[in-house]
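# Reading the structure
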Amino acid sequence: MLESERNPDFWRWYERAKESGLFDPEYYRSAVPAADGIDPLAHYWIWGYRRCLDPSPQFSSADYYMANPDARQTGLNPMLHWIEYGRPAGRPISLAEREEKRNLTLPFPIGPDLPEQIELERLRGEAYLGRFGFTLEKSSSLEFAEQAVADLTSRIPELPLARESPDVSIIIPVYGQPQVLLNCLDSLCAQTSRYTAEIIVMDDASPEETGVEAVSSIPWLRYLRRDKNKGFVGSCNFAASKARGKYLLFLNNDTRVLPGWLDELIGSFELFPKAGLVGSKLINADGSLQDAGGIVWRDGTVWNYGRGESPERPEFCYARRVDYCSGASIAVLASAWEQVGGFDFFYAPAYCEDLDLAFKLRRAGYEVWFQPLSLVLHYEGRSHGRDETIGIKAYQVRNLKTFYQRWRDALVEHGLPHPFPHSEADRTRRQRVLVMDATTPTPDRDSGSVNTVELMRIFLHMGWHVAFAPRNYAFAGDYTRALQRTGVEPMIAPCIAHLGDVFHNRPQLYDAVIAFRLESLDDCYDKLRVGYPKARLIFHDVDLHHLRLKRRAEMLGDLSLRLEAEMIKDRELELFAKCDCSVVVTEAEKTMVQEQLPVENIVVYPYTIEVRRSQRPFQQRRHLCFIGGYVHDPNVDAVLYFVREIWPLVRSELPEEAKFLIVGPGAPESLLRLAAEDIVITGHVAELGELMDDCRLSVVPLRYGAGIKGKLVRSLAYGLPSVASSLAVEGMPLQHGRHVLVADEPQTFAKAILTLYQNRQKWRSVQAAGYDFVEENYSWKVGLETCERILQVAEETWISRRAAARQKRLAEILKGTSDRDSKD
């Protein structure tokens, strides 16, 4: 009898566990061969839960710990915790249940935060190893190793595998240590991807007694073996010569890959067309950062950037060009690999070959990128240890000297080692801009966000480092990740909670600050001037907020709202007066501001969008649509007005199958009540292309508002002719009858709809003119030129105001000196 079984409490909990229905003895016995010969429930109750093994398919120990952090902190058996505390409190028994509940209350679905993702993957690794009596330090008997191999053999990987012409060849070099390799393969088996792959295990002549060769029976991988040990460099080069993928992905065997690892890594080649190599973010087993792209200093010193820090810090969480990436997880364009000759045998058997490869690729014209969303748990030192004086690890010191001698001329532009490496880690971007907005942009939900995202993309294209700080400093799920993925540094919680943290994180760093919307800048203008005295301060008003409120107040006859508009007008005009450059979206708004304020430093930057030429012909389109976000009151008013006043005038003249589509998120109850057979509330539509192709025209019957109407611009860019109110086209050089039909009264609006809907020739003419209008006014090229103009105006204003302040200050000094002299 086990010692724990003599404890009377054990038998009480033992019976309660059996009664819970959450323990499946047959499942546990088959899943955990190491429990053979022991009562399976006793094995789990005493030992198995410590390795996060699962008692049944219905209960995940790791998930329960992650869904209930207090349970993890107590160290109690997770099933015991649920029976005693969780069940009475209605606690979820899985992470999936918790996320389901989260998504009902959050504005967008989010997964576990980064520490949770890392901890969950570590626990999964422990659970897998524990099933077969393994630890990372040692294997168990060959019998259990064979059972582990048999388990992997029976599983079907989530990865789409391809024997011929896969997108990517995943190459795992290995020498002995089968338990380490099996742990890696277990995580690979659960990886999903949009890319096809082949998995190559490259056995570098492992000793027969280690049992590594047993993995050759796993049908979903290719097993290659060398007769003689050639070291890491030789193994990787040999495997690469046999690989069939467009990309070669080298993965250390002492790793576990996190969800999304492969898609983020390979997808980066699409984001960064000049990339020849992309590397992952490496995480230590304790959850700390191991490597976020390497720095090579001028003297040849090499740093793992961020080592030992929190992996959530902003500076480690955005894609950027780097000196090199650790070979523990790197993807290389196969053609580029062949062009530069792969890893150099000069560095055999191992170490610094990844450094040298990055520099060879850069010399050949390629870029080397770090992708932080590709996450790898790396049990560093499992392969070759950590002692640099013995074994293969000793080659690290020798090869570093060799590397420096070879590449010292390429390092002359690099800095010397210093304790604040952030600028050196992103040295290819010499100028830096901080972008601020009320929230993280959601470009598939509102047109204002499109402006913010496109401006950041343009600054990245111009070679600037771009940081983004939402006013709430909140992580916004996929919307935050979209920025990180493309190279924008997020200033968000938990590391950033207020503006003071931004100053502390990046003291005296930014060359420019761009603030979108009044609320993002109004209360922090003075702090920004003090914190970043050299920065050009740029105010992007998105639309004149006071004008929008004033028009609504006039429409509703609301005096209180009219007074509020006047107060906001004061605040807006003050910022226009104080900032180095202000941005408005229409010439009309520029004129309105300059009528109130004699300033010249205002630039019109309306919108940036690329034309998407639709192939859907006129006769295959049926519906009408209004596109917008319905937290925006003018959109709600426009839809209600259209349905009550205009739709009844046209409905009988349209085909029976024609419907009015109300497209976009946040529809209030007043709109939801409009739903009918011919009126469809679609809700949020992430990709609008297909929906817009189904429509023959869009309607924009806005009665109040301000700024440019992104919904109208998008319709033109997507080849969807529009009927719009005169307010909707305000400030845009659109011609009625050519680019759009303009109408205000219900009868004239209805007549314009029928003209476009029924006249194929007119419809085609308006569609073609709309494409031309967007390319002439809102193309990427126009946006780039406008951003350059904004910077120029801001710089000229900053310098001239500095000079004026200097002259005023000197005049006061001279006057004071003169007054003293006259007294003397």
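Keep in mind that this is a model prediction, so the values were computed, not measured.

### A look at the overall build of the protein
- Scanning the protein from terminus to terminus reveals 31 helices and 25 strands.
- Here the C-alpha atoms of the protein give a radius of gyration of 32 Å, agreeing with the 28 Å that 2.2 N^0.38 yields for 824 residues.
- The C-alpha extent of the protein, read off along each of the three principal axes, is 85 × 85 × 55 Å.
- Burial analysis of the protein (824 residues in total) assigns 57% to the buried set.
- Of the contacts made within the protein by residues no fewer than 6 positions apart, 72% connect residues no fewer than 24 positions apart.
- By element, 50% of the accessible surface of the protein is carried by carbon and sulfur atoms, the whole surface being about 35,400 Å².

### A closer look at helix α22 (residues 545-556)
- Taking 1.5 Å as the rise per residue, α22 with twelve residues should run 16 Å; its terminal C-alpha atoms sit 17 Å apart, in good agreement.
- Residues His546, Leu547, Arg548, Leu549, Arg551 and Ala553 constitute the buried set of α22.
- Considering only its buried residues, α22 is in contact with α23 (559-578), α24 (587-596) and α25 (633-650).
- Looking at the residues trailing α22, positive phi occurs at Gly557, about 65 degrees.

### Quick notes on the packing of helix α28 (residues 710-717) against helix α30 (residues 760-777)
- The N-to-C vectors of α28 and α30 enclose an angle of 115 degrees; their axes lie 8 Å apart at closest approach. Counted together, Val713, Leu716 and Ala717 of α28 and Gly770, Tyr771, Phe773 and Val774 of α30 form the full contact between these two elements.
- The residue inventory of the contact of α28 with α30, partitioned by class, reads six nonpolar, one polar and no charged.

### Topic: the environment of Leu265
- As for its position among the elements, Leu265 is in helix α12 (residues 261-271).
- Residue Leu265 is classed as buried on the basis of its relative accessible area of 0%.
- Along the chain, Leu265 and Val604 lie 339 residues apart, while their C-alpha atoms are 38 Å from each other.

### A short note on the sheet that holds strand β19 (residues 602-604)
- Across the sheet, seven strands lie side by side as β15-β14-β13-β16-β17-β18-β19; this open sheet has parallel pairing. The open sheet is flanked by β15 (488-490) and β19, the only strands paired with a single partner. Neighbouring strand axes in the sheet, compared pairwise and without regard to direction, differ in orientation by 25 degrees on average.
- Pairing between strand β14 (residues 464-470) and β15: three bridges, direction parallel. Counterpart to Val466 in the pairing with β15 is Val488.

### Quick look at the environment of Met692
- Tracing the sequence through the fold places Met692 in helix α27 (residues 689-694).
- Judged by its relative accessible area of 0%, Met692 is buried.
- Contacts of Met692, omitting those with residues within four sequence positions, involve Arg621, Ile627, Arg714, Ser715, Tyr718 and Leu720.

### A few points about the state of the cysteines
- Counted under the stated rule, the structure contains zero disulfides.
- The thiol of Cys495 is not disulfide-bonded; the next cysteine sulfur, from Cys317, is found 7.4 Å away.
- Here Cys495 falls in the partly exposed class, since its relative accessible area comes to 21%.

### Notes on the sheet that holds strand β24 (residues 722-724)
- Taken in spatial order, the six strands make up an open sheet running β22-β21-β20-β23-β24-β25, and their pairing is parallel. Edge positions in the open sheet fall to β22 (679-683) and β25 (741-742), since each of these has one partner strand only.
- Of the strand pairs in this sheet, β24 and β25 are connected by two bridges, and their pairing is parallel. Directly across from Val723, in β25, lies its bridge partner Leu741.

Conventions used here
Residues numbered from 1 in each chain as written. Predicted model: local features only at pLDDT ≥ 70, side-chain atom pairs only at ≥ 80, totals over all residues. Heavy atoms only, no water. Helix = DSSP H or I, 4+ residues; strand = E, 2+ residues; numbered from the N terminus. Rg over C-alpha atoms; globule rule 2.2 N^0.38 Å. Buried < 20%, exposed > 50% of the residue type's maximum accessible area, 1.4 Å probe, protein only. Contact = heavy atoms within 4.5 Å. Areas by Shrake-Rupley, 256 points an atom, 1.4 Å probe, with all protein chains shown as cover. Expected span 1.5 Å × (residues − 1). Axes fitted to C-alpha atoms, helices over the stretch in contact; angles between N-to-C directions. Nonpolar A, V, L, I, M, F, W, Y, C, P; charged D, E, K, R; others polar. Pairing = 2+ DSSP bridges. Disulfide = S-S within 2.5 Å.

Distances and angles like these do not, on their own, reveal function.
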